[in-house]
Amino acid sequence: MKLPPSEPPATSSTLLLVGSGSRLRQGHLLSHLAAAADVVLLDTVAPTWQKPWLKGAEAYDPRDTPFPVEQARRLCRDHDVRAVVAYNESEILLAAELAATLGLPGLPVEAARISRDKHRQRELLNRTGLSPTASVLVHDVHEGLRSAADIGYPVVVKPRGLSGSLGVGRVADPADFTRFFELAAGVDKMDLASDGVLVEECVTGTEFLVDVWSSGGSAEVVYCGRKYMAHDPYPIDTGHIMGEGALPAAEYAAGLALARDAVLAAGIDRTIANLDVVLTPHGPRVMEINGRPAGDLASVIAHLGTGLSVGGLLADAALGRPLRAEPVLNRAAGIKFLYPARRQRFEGLAEAPELRAQPWLHEVGELPERGAVVEPPPEDFFGRAGWVIAEGTHADQVHERLTEAERALTVQGPYV
């Protein structure tokens, strides 16, 4: 992923960033964060690729020091840190707890806990009436079968934690329930909420993503996008488009307002929250609340498609600065993730020279090493072989270009 050079921050205010992620997925976001504020990093490894954008760093071993408050104190003392921020799912709660312990602004601890626990999210949304959806937390197959019968098939079975639809499946009838329950119960929980499995009403409609800037009790939608979904009955996100025409304003206004209200109800503050919303025939429903910006290279697509700097917006939210978000008109961008048709040995994406010469093609990338075996969901929920990013003046134009690119950039290699 191409990264812009670091620029002097808008002010001398310093942020403590907890966890930096990977260069591919979060490098763009970190570079923009560092252009808006000085950044010091607390991470589980010493910085390498992150160094151009850091003013200081501390590393810790989570096995020996699960709560690295002394390392955080040193960074705060040496660099006059003014707020704590995280954009990685796995560091959201730790960052919130450190901010509370250090007496610094950051995502509130309770809001962090809600954002990492789909059961607590559903309880909140049902209790407030913002997005009522039947949902039951169960702990074994028999309890799950009874709940599914009460809700009525089809139902959705999902892990209590995790994001990105990992371990989620739509169950059509009781005969398939055990298989989907075991999938949700057995998926790697990545240290997220793992006590039980959720059985929920199957909500149908058009799903889209919304990112909401929240700071000081104020919340505003800053960017949103249409989503690509595939691999039914496993609702896997396979890409998105942002910018001009991505979501018709009149049709989606209620969904955007609901996202903003849900962020405020969850107490999310000093960050950008990402939500998945479904526009149903009966109105919008919130499917998921995350206490950090959208992932999957979304900061790149938001920047290309709207001109907005996600890192800059995140810095402003964390530091309590006013919102500054003026999207560029007549501009759009999108990404599609590329998957193998079935299990095969990866030998790269097709060359497609005519496609790669197109000026609207921003980037093509490969994910696995050549020679590795790849397979699509549900055998591998992370079974992406690569990605393609396209630009244009309108979302519909970008969609056509992504469709053309996906058709040309086939996964090469023999089936195994």
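In this report, we go over the structure that sits alongside the text. Quick caveat, the model's predicted, so the values are computed rather than measured.

1. A closer look at the sheet that holds strand S3 (residues 56-59)
Consideration 1: Read across the open sheet, the 4 strands follow the order S3-S2-S1-S4; overall the sheet is parallel. Each of the sheet's edge strands pairs with one partner strand only, and the pair in question is S3 and strand S4 (81-85). Each neighbouring strand pair of the sheet contributes to a mean axis angle of 20°, computed without reference to strand direction.
Consideration 2: Set on the sheet, helix H3 (residues 92-102) makes contact with strand S1 (14-18), strand S2 (38-43) and S4; between it and S1 the angle comes to about 135°.

2. Some details on the environment of glutamate 97
Consideration 1: Checked against the element boundaries, glutamate 97 lands in helix H3.
Consideration 2: Linking glutamate 97 and isoleucine 335, residues 238 residues apart in sequence, is a C-alpha distance of 34 Å.
Consideration 3: Not counting residues within four places of it along the chain, the set of residues in contact with glutamate 97 comprises Phe67, Val109 and Arg113.

3. Thoughts on the environment of arginine 73
Consideration 1: For arginine 73, the position within the fold is in helix H2 (residues 69-79).
Consideration 2: Given the relative accessible area of 37%, arginine 73 is considered partly exposed.
Consideration 3: Between the alpha carbons of arginine 73 and leucine 102 there is a distance of 7.4 Å; along the sequence they are 29 residues apart.
Consideration 4: Beyond its immediate chain neighbours, meaning those up to four positions away, arginine 73 contacts Thr101 and Leu102.

4. What to know about the pattern of salt bridges
Consideration 1: For the structure on display, the rule yields 27 salt bridges.
Consideration 2: Measuring nitrogen to oxygen at the nearest pair gives 3.2 Å for the salt bridge that ties arginine 77 to aspartate 78.
Consideration 3: In this structure, lysine 336 and glutamate 406 form a salt bridge, with 2.8 Å as the shortest nitrogen-oxygen distance. Of this pair, lysine 336 sits in strand S14 (residues 332-338) while glutamate 406 sits in helix H12 (residues 395-408), and the two are 70 residues apart along the sequence.
Consideration 4: The exposure class assigned to lysine 336 is buried, which follows from its relative accessible area of 7%.

5. Describing the pairing of strand S6 (residues 155-159)
Consideration 1: Among the 5 residues of S6, 5 are classified as buried, and the element is accordingly described as predominantly covered.
Consideration 2: Neither face of S6 is open: one carries Val155, Val157 and Pro159, the other Val156 and Lys158, and all of them are buried.
Consideration 3: Where S6 and strand S7 (residues 169-171) come together, 3 bridges link them in antiparallel fashion. Residue pairing across strands places valine 155 opposite valine 171, the latter belonging to S7.
Consideration 4: Bridging between S6 and strand S8 (residues 197-201) involves 5 bridges; their strand directions are antiparallel. Looking at S8, one finds that proline 159 is bridged to valine 197.

6. Section: the packing of aromatic side chains
Consideration 1: Per the stated rule, a full pass over the model turns up 4 aromatic pairs.
Consideration 2: Measuring from centroid to centroid gives 6.1 Å for tyrosine 234 and phenylalanine 381, while their planes differ by 80°, and the two rings are edge-to-face. Of this pair, tyrosine 234 sits in the loop between strand S10 (218-230) and strand S11 (236-243) while phenylalanine 381 is found in the loop between strand S17 (373-374) and strand S18 (386-392), placing the two residues 147 residues apart along the sequence. Each member of the pair, tyrosine 234 as well as phenylalanine 381, is classed as buried.
Consideration 3: Put simply, the rings of Phe180, Tyr234 and Phe381 pair up and form one aromatic cluster.
Consideration 4: Taking the ring centre of tyrosine 228 as reference, the NZ or CZ of lysine 336 above it sits at 4.2 Å.
Consideration 5: Lying across the ring of tyrosine 415, arginine 342 places its NZ or CZ 3.8 Å from the centre.

7. Comments concerning the nonpolar core
Consideration 1: Residues Leu15, Leu17, Leu33, Phe177 and Tyr223 are the most contacted members of the largest nonpolar core, which totals 59 residues.
Consideration 2: Ranked by the residues each element gives to this core, the list is headed by helix H10 (residues 310-319), at 7 residues.
Consideration 3: Sequence-distant contacts of phenylalanine 177, that is, excluding residues within four places in its chain, are made with Val141, Gly144, Leu145, Ala148, Tyr153, Val157, Val171 and Val199.
Consideration 4: Ranked by size, the runner-up nonpolar core spans 46 residues in total, among them Ala99, Ala112, Phe208 and Ala219.

8. Structural notes on the pairing of S11
Consideration 1: With 7 of 8 residues buried, S11 lies mostly within the body of the structure.
Consideration 2: Two elements, S10 and S11, share 6 bridges in a ladder whose sense is antiparallel. By the bridge assignment for S11, methionine 229 is matched with aspartate 237.
Consideration 3: The hairpin turn running from S10 into S11, its antiparallel successor, is 5 residues long, and histidine 231 in that turn takes a positive phi close to 70°.
Consideration 4: Where S11 lies against S14, 5 bridges are found, and the strand directions are antiparallel. Counted as the bridge partner of glycine 239 is lysine 336 from S14.

Cut-off values and rules
Residues numbered from 1 in each chain as written. Predicted model: local features only at pLDDT ≥ 70, side-chain atom pairs only at ≥ 80, totals over all residues. Heavy atoms only, no water. Pairing = 2+ DSSP bridges. Helix = DSSP H or I, 4+ residues; strand = E, 2+ residues; numbered from the N terminus. Axes fitted to C-alpha atoms, helices over the stretch in contact; angles between N-to-C directions. Contact = heavy atoms within 4.5 Å. Buried < 20%, exposed > 50% of the residue type's maximum accessible area, 1.4 Å probe, protein only. Salt bridge = Lys/Arg side-chain N within 4 Å of Asp/Glu carboxyl O. Phe/Tyr/Trp six-rings, centres within 6.5 Å; stacked < 30°, edge-to-face > 60°. Lys NZ or Arg CZ within 6 Å of the ring centre and 35° of its normal. Core = buried A, V, L, I, M, F, W, Y, C linked by side-chain atoms within 4.5 Å.

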